[in-house]
Amino acid sequence: MAEAADIQGTGPSPARRWLRRTITVAFGAPLLAGLLQAPATSSPAAAAEDAVSKTVDVSLDTLAPSAPVEGDTVTISGTVTNRGKKAVTDATVDLRVGPQMTSRSEIEQVTGRTGYRPYSDPAPLDDAPTVKIPRLNPGLSADFSLSVPVSDLGLDEAGVYQLGVSLTGQTSDHRYDRVLGIERTFVPYQPEATEKKTQLTYLWPLISSAHVSAETATDDQQTPVFEDDTLAAELKPGGRLDELVSLGKDLPVTWVVDPDLLASVDAMANGYRVKDGTLHVPGKHKALAERWLGALEKAVQGHKVVALPFADPDLASLAHRGKDVPGSLGHLQSATDLAGTTVETILHVQPATDFAWPVDGAVDPSIVSVATSAGADKVIARSDSVRDDLPYTPTAARPFSNGTTAVVSDALLSTTFEGDMVRTENSTLAVQEFLAQSLAITLEQPEDQRSVVVAPQRVPTVAQAQTMATALRGLSAKRWSQPSDLLAAAAAKPDPDASTAVPSGSRYPKKLRDRELPVQAFRDMKTTRDELDDFKVILTAQYRVVPPFTNAINREMSTSWRGQARAAALYRINVLEYLQTLTEGVQLVDKSDLTLSGRSATIPVTVQNKLLQDVHLVLRLTSGSKNRLNLNGERYKELPVKISGGHSQSVKFSASANVNGQVPMTAQLYTEDGTPYGQPMTFTVKVSEITATVMLVIAGGVLLLVLAGVRMYSQRKRVAARNAEAEAAETATIPEEPEPQPESGADPEADTPRSPEAPAEEPDADEPEQPSDPTPDTGPESGDPSGTGEKVDR
């Protein structure tokens, strides 16, 4: 058979090939039926044959064109690799085309097969080219390429056909031809356009994880602070988000956008900072963010855009774990309200905001209830959750019993590209499977036009996005499908036979439930929300604090935290600790104990404001013993306080003492609505009451001091008067003209009588008076006041 296939153009005609296949099926059917009835484990030979057929790995790297028509030449290329321990000799790579496949389930079964099945895999094509490989040693690979006209593939009519590429050869221990490896794929063959084409809606998700923290810089612009700078890697050329935009702009898709991603990139484009330990360093990718936003704005023009609630909240986690935590549904409402304005402001398009998209489209009554509580009246489900017992694929839209419209995406099409698409083989096989399934849907009910929705994985990789784009381009000829959008799919006429029942909670997949956010996550969110509510009422500029923290709380509920429990908990802790740091910026300054001497006094209490904005609170001072110390006759006193940003203010309370002793005092800040703010501060006031006896003693002491002062004043005044009289007498004894001199030898003092009041001896005018010299007696003490300008020492 293999040798005959090497001769080009000598094979049988299509009619003879069809007759041969018919005879083979007719005579082989009874034998096949008997084999199928036997248990799979009853044939050791079949198991051995299956193991042998995996000796060589056959990889299909390209199949072009992916959906051939008459006149095309199909080229299949790939690699064969010897995974065994013995060399393979005299090997041949050939093609095997099976009969037309009649159902989608048959395509799915073939996809899951790995080894060679002698009773179900078709024989090699007689007239197709082959590739000879004389020897293939263990661990080595060899490339192959086969080109065959469509007319030689035996595609009798429109439909989906199995295409197999196998390697037949020998090993040293088995010197006869055996199939040592095989790979299967599909050829969708629809040369002419169908009368009724399937309306196919493909969702193109732009979703990322949370990157922005609750912190902002202290500048007027409130520059946001990012947890890290990893978002830049997704935005750069060749990055995941860049590739989604580059590919999506030319594809007929509906964009499904997380507004938080847009807000984060917009923040980068306007200048941002990044955490670096305890520091915040300037972000370096402003231009990159601007370029990506510009490209996205152009890409979405003319397309439908669906905005998910802000930060893509995990609806299933909220329904199963958080619904009973007070305030949790309020987070979803705020996230929904923020979605539309964010997308419209940044992309300048009007998005649809009435769609909810649970993880993997899995729904139950609680999920649907939560989704609709925030205003969404359309839920994107999936057919492996909302199951239809029908022999064909119904239209996606159908009404649920509670008035919600379910848009049920096709599970097989939606999960086709979830694997590792980096390997070229996986990508090629996924594209062919997707095209085959889409054609099979149309051929199930060719007389009816149906609407099908594809909702792929939320965060496709670069390779997955590229593979999805290749598959959509394979439908560009529009021979059996035509593009639609999600809004049109939701408005399509439902199939009356499709299921409209919401699946029960017991059917929700355990693997999804195990990855949900824990109840503690929603309790943490409530704690943060409560503290934010208490904090914001004291602020004069709430807009600087409330939006960043509200967005951060929404991010704590994001679907992106699934499977990242530790990272999610750390993010919640960081948000709460930063909020507490801000709230502690307004506090009472510690006060030492006081001693109060007297019946009344003023007690000061200082309030400090480290924030950058003014705050307003009420300060209450409470006495631990009203009988000993009261505040204006009461046990406590409240005073309003307004403190400027970055300042402290001392608030003074009037106190009255009645009885000696120590009195504990408590100072506490309150919001204006009476909610305690921060921790109370306590200190002690020691009251020392002053009695009447003590007052008399103090008064007597004061009187003695006054009398002593008067006596000292009088003495100093008398001394000053005597000094003044002496100076006046001294001036009166000096003659105006000189007296006649006595004759020589005469005693001048003999003729001049001495006045009893005159001094006995005149001092030398040139000799200065010493401080220790006695003051001359100038006459009686004067009681007159001091002269003008004279300093009096009192």
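Residues numbered from 1 in each chain as written. Predicted model: local features only at pLDDT ≥ 70, side-chain atom pairs only at ≥ 80, totals over all residues. Heavy atoms only, no water.

**Considerations on the sheet that holds strand S18 (residues 405-409)**
Phase 1 of the analysis: An order of S15-S16-S18-S17 is seen for the four strands of this open sheet, with the pairing classed as mixed. Of all the strands in the sheet, the pair left with one neighbour each is strand S15 (355-356) and strand S17 (397-399).
Phase 2 of the analysis: Bridge count for S15 against strand S16 (residues 378-382) is two bridges, and the pairing is parallel. Bridge pairing in S16 places Phe355 opposite Lys378. (Pairing = 2+ DSSP bridges. Helix = DSSP H or I, 4+ residues; strand = E, 2+ residues; numbered from the N terminus.)

**Re the sheet that holds strand S7 (residues 174-189)**
Phase 1 of the analysis: With antiparallel pairing, the four strands of this open sheet are ordered in space as S4-S3-S6-S7. Every interior strand has two partners, whereas the edge strands, strand S4 (131-136) and S7, have only one. Pairwise comparison of adjacent strand axes, ignoring direction, gives a mean angle of 25 degrees for this sheet.
Phase 2 of the analysis: Pairing geometry for strand S3 (residues 88-101) and S4, over five bridges, is antiparallel. Bridging from a neighbouring strand, Val88 pairs with Leu136 of S4.
Phase 3 of the analysis: Sitting on the sheet, helix H4 (residues 104-111) touches S3, strand S6 (159-171) and S7, and the angle it makes with S7 is about 140 degrees.
Phase 4 of the analysis: Running at roughly 55 degrees to S7, helix H13 (residues 424-444) makes contact with S6 and S7 of the sheet. (Axes fitted to C-alpha atoms, helices over the stretch in contact; angles between N-to-C directions. Contact = heavy atoms within 4.5 Å.)

**Quick notes on helix H18 (residues 546-556)**
Phase 1 of the analysis: Within H18, ten of the eleven residues are buried, leaving the element largely enclosed by the surrounding structure.
Phase 2 of the analysis: Taken together, the buried positions of H18 are Val546, Pro548, Phe549, Thr550, Asn551, Ala552, Ile553, Asn554, Arg555 and Glu556.
Phase 3 of the analysis: For H18, the elements touching its buried residues are strand S9 (212-216), helix H7 (259-269), helix H10 (328-347), helix H17 (519-536) and helix H19 (565-583). (Buried < 20%, exposed > 50% of the residue type's maximum accessible area, 1.4 Å probe, protein only.)

**Considerations on the packing of aromatic side chains**
Phase 1 of the analysis: According to the stated counting rule, one finds six aromatic pairs in the structure shown.
Phase 2 of the analysis: An angle of 65 degrees between the planes, with centres 6.1 Å apart, marks the rings of Tyr202 and Phe434 as edge-to-face. Here Phe434 lies in helix H13 and Tyr202 lies in strand S8 (residues 198-206), a separation of 232 residues in the sequence. Exposure class is identical for Tyr202 and Phe434. Each is buried.
Phase 3 of the analysis: The ring of Phe683 is capped by Lys591, whose NZ or CZ atom sits 5.9 Å from the centre of that ring. (Phe/Tyr/Trp six-rings, centres within 6.5 Å; stacked < 30°, edge-to-face > 60°. Lys NZ or Arg CZ within 6 Å of the ring centre and 35° of its normal.)

**Quick notes on the side chain of Asp495**
Phase 1 of the analysis: With respect to the helices and strands, Asp495 occurs in the loop between helix H15 (486-491) and helix H16 (510-513).
Phase 2 of the analysis: The side chain of Asp495 is buried and forms no salt bridge, while Arg450, the nearest opposite charge, is found at 6.7 Å.
Phase 3 of the analysis: In this structure the side chain of Asp495 is engaged in a polar contact, spanning 3.0 Å, whose partner is the side chain of Tyr392.
Phase 4 of the analysis: Here Asp495 is in contact with Tyr392, Pro394, Thr395 and Ala397, once residues within four sequence places are set aside. (Lys, Arg positive; Asp, Glu negative; His and termini not counted. Salt bridge = Lys/Arg side-chain N within 4 Å of Asp/Glu carboxyl O. Polar contact = N/O pair within 3.5 Å; in protein donor to acceptor, adjacent residues only side chain to side chain.)

**Thoughts on the environment of Val300**
Phase 1 of the analysis: Of note, Val300 is situated in the loop between helix H8 (286-299) and strand S14 (305-307).
Phase 2 of the analysis: Sequence-distant contacts of Val300, defined by excluding residues within four places in its chain, comprise Trp255, Val305, Leu347 and Val349.

**Looking at the packing of helix H9 (residues 315-322) against helix H11 (residues 365-373)**
Phase 1 of the analysis: Where H9 meets H11, the closest approach of the two axes is 8 Å, and the angle between their N-to-C directions is 110 degrees. Taken together, the axis directions place H9 and H11 in an arrangement best described as roughly perpendicular. Note that H9 runs across H11; the crossing there is right-handed. Contacts between H9 and H11 pair Leu315, Ala316, Leu318, Ala319 and His320 from the former with Ser366, Ile367, Val370 and Ala371 from the latter. (Parallel < 35°, antiparallel > 145°, perpendicular 65-115°, else oblique. Left-handed = near helix turned anticlockwise from the far one by under 90°.)

**Looking at the pairing of S18**
Phase 1 of the analysis: Most of S18 sits out of view: four of its five residues are buried.
Phase 2 of the analysis: Of the strand pairs in this sheet, S16 and S18 are connected by five bridges, and their pairing is parallel. Pairing of Ile380 across the sheet is with Val407, part of S18.
Phase 3 of the analysis: Pairing analysis gives three bridges linking S17 to S18, with the strands arranged antiparallel. Pairing of Ala397 across the sheet is with Val407, part of S18.
Phase 4 of the analysis: In this antiparallel pair of consecutive strands, S17 and S18, the connection spans five residues, and Gly403 shows a positive phi of 90 degrees.

**Observations regarding H8**
Working note: α-helix, 3.6 residues per turn, so residues spaced by three or four point in the same direction.
Phase 1 of the analysis: When the terminal C-alpha atoms of H8 are compared, their 20 Å separation across 14 residues agrees well with the 20 Å that a helix rising 1.5 Å per residue should span.
Phase 2 of the analysis: Tucked inside the fold, the buried residues of H8 contact S8, helix H5 (231-235), helix H6 (240-248), strand S11 (254-257), H7 and H10. (Expected span 1.5 Å × (residues − 1).)

**Digging into the environment of Arg117**
Phase 1 of the analysis: Within the secondary structure, Arg117 is located in the loop between H4 and S4.
Phase 2 of the analysis: The exposure class of Arg117 is partly exposed, given its relative accessible area of 36%.
Phase 3 of the analysis: C-alpha of Arg117 to C-alpha of Ser53: the two residues are 64 residues apart in sequence and 8.9 Å apart in space.

These figures capture arrangement, not role.
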